[in-house]
Amino acid sequence: MRIMKKILLVASFVVFCFTSGYSTSGVDSLESALKTAKGESKVKIYNELFRAYLNTDPVKAIGFAREGLMLGTEVKDLKGMAASYNNLGVAYRNQGAFDKALENYFQSLKLYDSLNYVDGIATTKNNIGTIFSVKKDYTKAMKYFEESFQLFSDAKNNEKMIGSLNNLGNLHSDLQLYEQALQFYSQAMDLSQKSGKIYSDALNNMGNLYFRQGNYQKSVEYYLRSLTLAKNENNKLSEINVRTNLGEAYSNLGQYTKAMTTLDSALAQCRQLEAFAYEPQILKSRAENYYGQGKMKEAYESMLSYDKAREKIYGEESTRKIAQMEVAIELQAKEKELEAFRKDAKINSLE
């Protein structure tokens with residue numbers, strides 16, 4: 001068996017859920033308030049609880065998002081429904097169910113468009129871009145990322161601009177446009193420093209850039225810094241992300257034992273949190289690591305597991321469903337343009 005050597009990196013694509021992280025006391029306060037809240041206030045708390053639990057207990061988080069959507073639909077809270085759809089999209093993306101993620105994102109975008117809620121539109125477009133990026137449809141990913149960034153920039157929303165800049169950097173890095181990628185990452189780091197907080201995602205992505213350039217030792221330095229921040233943030237998903245990349249870097253440095261320990265830790269976290277979107281990368285990296293040690297049987301078994309995990313996430317059925325949703329959203333956009341044209345024509349006629 002021969003394994004083709006390929007760069008395997010997990011980029012930190014930033015997805016937005018509208019609320020910041022919560023301390024334990026903050027979560028307790030939300031759950032206490034939930035008992036007496038009603039209507040739109042309760043929908044908002046459900047969505048805030050989703051964000052609070054996303055990185056530590058995603059199954060519980062999905063439950064809150066679904067409750068928020070059900071109640072929002074019942075009380076006709078369109079903004080709350082849109083937030084719930086977006087949050088469900090985030091959860092499905094982390095699980096690797098990209099078709100379900102897009103379905104929810106498009107529902108969210110439709111509602112935010114109807115409300116003309118700019119922050120919601122920008123957030124959801126960013127999240128749609130992350131799906132097209134992992135599916136390697138870079139043209140569509142670029143379109144959604146650029147539109148999202150422009151909206152955040154116009155609104156001077158620095159926190160979300162940081163996320164958009166990281167995503168644009170990842171996209172240009174995937175296209176091997178490393179100088180442009182570095183410019184986006186540098187802008188994101190500058191904004192982060194001005195805000196007084198460096199995020200783990202930015203350091204992970206800088207590590208990826210050095211990895212792609214063959215500077216594995218430098219990439220390890222950035223990954224370790226990113227991992228420390230992810231732990232401090234209690235961001236379990238980022239930990240999986242960084243550990244996967246760190247394991248790959250160790251493997252390229254010939255530090256096979258350290259690499260396998262790191263990858264095994266990432267795989268355990270991935271399965272514990274049901275964050276199956278990361279599983280194919282981890283399994284492929286383990287196969288590469290076994291191959292580097294000359295352990296052909298273990299490498300082959302890991303490749304079989306990789307193929308199975310990858311087919312589940314990137315298979316033909318998922319691609320077909322996403323293509324159908326793309327057509328639907330394009331038709332919706334054309335209908336919106338046509339309606340605007342009709343209104344203009346009517347006004348001109350009256351004049």
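Everything numeric in this text was worked out from a predicted model, so none of it was measured.

S.K.: What should I look at first to understand the packing of aromatic side chains in this one?
M.R.: Aromatic rings considered in pairs are described by the distance between their centres and by the relative angle of their planes. Considering all chains together, one arrives at six aromatic pairs under this definition. Geometrically, the ring pair formed by Phe132 and Tyr144 is stacked, given 5.8 Å between the ring centres and 15 degrees between the ring planes. With Phe132 in helix α6 (residues 118-134) and Tyr144 in helix α7 (residues 138-154), this residue pair connects regions lying twelve residues apart in the sequence. The same class applies to Phe132 as to Tyr144, namely buried. Geometrically, the ring pair formed by Tyr210 and Tyr222 is stacked, given 5.4 Å between the ring centres and 25 degrees between the ring planes. With Tyr210 in helix α10 (residues 200-212) and Tyr222 in helix α11 (residues 216-232), this residue pair connects regions lying twelve residues apart in the sequence. Classification of Tyr210 by relative accessible area gives partly exposed; the value is 22%. The ring of Tyr117 is capped by Lys79, whose NZ or CZ atom sits 4.2 Å from the centre of that ring. Over the aromatic face of Tyr144 sits the side chain of Lys143, whose NZ or CZ is 4.3 Å from the ring centroid.

S.K.: Sorry, what's going on with the packing of helix α2 (residues 39-53) against helix α3 (residues 58-75) here?
M.R.: When two helices pack together, their arrangement is given by the angle between their axes and by how far apart the axes lie. It is at 8 Å that the axes of α2 and α3 come closest, and there the two elements cross at 160 degrees. With respect to each other, α2 and α3 are oriented roughly antiparallel. Viewed along their axes, α2 and α3 form a crossing whose handedness is left-handed. In this structure, α2 contributes Gly39, Lys42, Val43, Tyr46, Leu49, Phe50 and Tyr53 to the contact, and α3 contributes Pro58, Lys60, Ala61, Ile62, Phe64, Ala65, Glu67, Gly68, Leu71, Gly72 and Val75. Partitioning the contact of α2 with α3 into residue classes produces twelve nonpolar, three polar and three charged.

S.K.: Which parts of the structure should I look at to understand α10?
M.R.: Three- or four-residue spacings in an α-helix give side chains the same orientation, since the helix completes a turn every 3.6 residues. An ideal rise of 1.5 Å per residue puts 18 Å on 13 residues; α10 measures up with 19 Å between its terminal C-alpha atoms. The buried count for α10 comes to twelve of 13 residues, which makes it a mostly enclosed element. The inward-facing, buried residues of α10 contact α8 (158-174), α9 (178-195), α11 and α12 (236-252). Among the residues trailing α10, Gly214 stands out with phi positive, at a value near 85 degrees.

S.K.: Is there a simple way to explain empty space enclosed by the protein in this structure?
M.R.: Empty space among the atoms becomes visible once a probe the size of a water molecule is rolled across them. Applying the stated rule across the entire model yields one cavity of 30 Å³ or more. There is about 40 Å³ of room inside the largest cavity. Pro58, Ala91, Asn94, Gln95, Leu237, Leu273, Glu274 and Ala275 together form the lining of the largest cavity. Split by residue class, the lining of the largest cavity holds five nonpolar, two polar and one charged.

S.K.: Would you mind showing me how to read the confidence of the model for the protein chain here?
M.R.: Detailed reading of predicted coordinates is not advised where the pLDDT is low. This prediction gives the protein chain a mean pLDDT of 86; 82% of its residues lie at or above 70. For the protein chain, the element scoring lowest by mean pLDDT is helix α16 (residues 316-350), at 55; α7 scores highest, at 96.

Rules and cut-offs
Residues numbered from 1 in each chain as written. Predicted model: local features only at pLDDT ≥ 70, side-chain atom pairs only at ≥ 80, totals over all residues. Heavy atoms only, no water. Phe/Tyr/Trp six-rings, centres within 6.5 Å; stacked < 30°, edge-to-face > 60°. Helix = DSSP H or I, 4+ residues; strand = E, 2+ residues; numbered from the N terminus. Buried < 20%, exposed > 50% of the residue type's maximum accessible area, 1.4 Å probe, protein only. Lys NZ or Arg CZ within 6 Å of the ring centre and 35° of its normal. Axes fitted to C-alpha atoms, helices over the stretch in contact; angles between N-to-C directions. Parallel < 35°, antiparallel > 145°, perpendicular 65-115°, else oblique. Left-handed = near helix turned anticlockwise from the far one by under 90°. Contact = heavy atoms within 4.5 Å. Nonpolar A, V, L, I, M, F, W, Y, C, P; charged D, E, K, R; others polar. Expected span 1.5 Å × (residues − 1). 1 Å grid on protein atoms, 1.4 Å probe; cavity = no way out; pocket = protein on both sides within 12 Å on 5 of 7 lines; lining within 4 Å. Points joined across faces, edges and corners; volume = space filled by probe spheres on them. pLDDT = per-residue confidence, 0-100.

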